[in-house]
Amino acid sequence: MTEETLIETVENQIADGEPKKVKETLMRLVMTGTPREEAIQWMACALAIEVSDVMLNDASFNETRYNKHLSALPNLDWMED
């Protein structure tokens, strides 16, 4: 999945309001001074972790883990795991 596709997916999640945590995360990040474009890129990183797991491990999308990563933003330390 390309970065562009990940960003488009995050934008679609925001527009659809699902998962709910996506829109909440964007609002939180923007309200604390993060430029919207940067916030969307960070959120796309969280989505990339889940997409990679699905593809590499033939796993189901883990919304709980995705929400956990979204909650941790702007801290990206979890990307090192």
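Residues numbered from 1 in each chain as written. Predicted model: local features only at pLDDT ≥ 70, side-chain atom pairs only at ≥ 80, totals over all residues. Heavy atoms only, no water.

K.L.:
What am I meant to see in the pattern of salt bridges here?
P.N.:
Should the charged atoms of two oppositely charged side chains come close, the side chains can pair. What the rule picks out here adds up to three salt bridges. Between Arg65 and Glu50 there is a salt bridge, with the nearest N and O atoms lying 2.7 Å from each other. Here Arg65 is found in helix α4 (residues 63-72), whereas its partner Glu50 is found in helix α3 (residues 36-57), with 15 residues between them in sequence. The class for Arg65 is partly exposed, based on a relative accessible area of 27%. A single network of salt bridges, built from pairs that share partners, joins Glu50, Asp53 and Arg65. (Salt bridge = Lys/Arg side-chain N within 4 Å of Asp/Glu carboxyl O. Helix = DSSP H or I, 4+ residues; strand = E, 2+ residues; numbered from the N terminus. Buried < 20%, exposed > 50% of the residue type's maximum accessible area, 1.4 Å probe, protein only.)

K.L.:
How should the packing of aromatic side chains be read in this particular structure?
P.N.:
Under the counting rule described, the total for this entry stands at one aromatic pair. Between Phe61 and Tyr66, the ring centres sit 5.4 Å apart and the planes meet at 75°, which makes this aromatic pair edge-to-face. Accessibility expressed as a relative area gives 37% for Phe61, which makes it partly exposed. (Phe/Tyr/Trp six-rings, centres within 6.5 Å; stacked < 30°, edge-to-face > 60°.)

K.L.:
What should I look at first to understand α3 in this one?
P.N.:
Helical geometry: 3.6 residues make up each α-helical turn, so side chains three or four residues apart lie on a common side. Along its 22 residues, α3 runs 32 Å from first to last C-alpha, staying within 8% of the 32 Å computed at 1.5 Å per residue. Listed in full, the buried residues belonging to α3 are Ala39, Ile40, Trp42, Met43, Ala44, Ala46, Leu47, Glu50, Val51 and Asp53. Along its buried surface, α3 packs onto α1 (3-16), α2 (20-31) and α4. One or two steps after α3, the chain reaches Asp58, where phi turns positive at roughly 50°. (Expected span 1.5 Å × (residues − 1). Contact = heavy atoms within 4.5 Å.)

K.L.:
I would appreciate a short explanation of unusual backbone geometry in the present structure.
P.N.:
Excluding glycine, residues mostly have negative phi values, and the peptide bonds linking residues are mostly trans. In this structure, Pro19 follows Glu18 across a cis peptide bond, with omega equal to -10°. On the secondary structure map, Pro19 appears in the loop between α1 and α2. For the bond from Leu73 to Pro74, the omega torsion is 15°, close enough to zero to count as cis. Looking at the secondary structure, you find Pro74 in the segment after α4. Notably, Asp58 is not glycine yet its phi reads approximately 50°, a positive angle. Looking at the element boundaries, Asp58 is found in the loop between α3 and α4.

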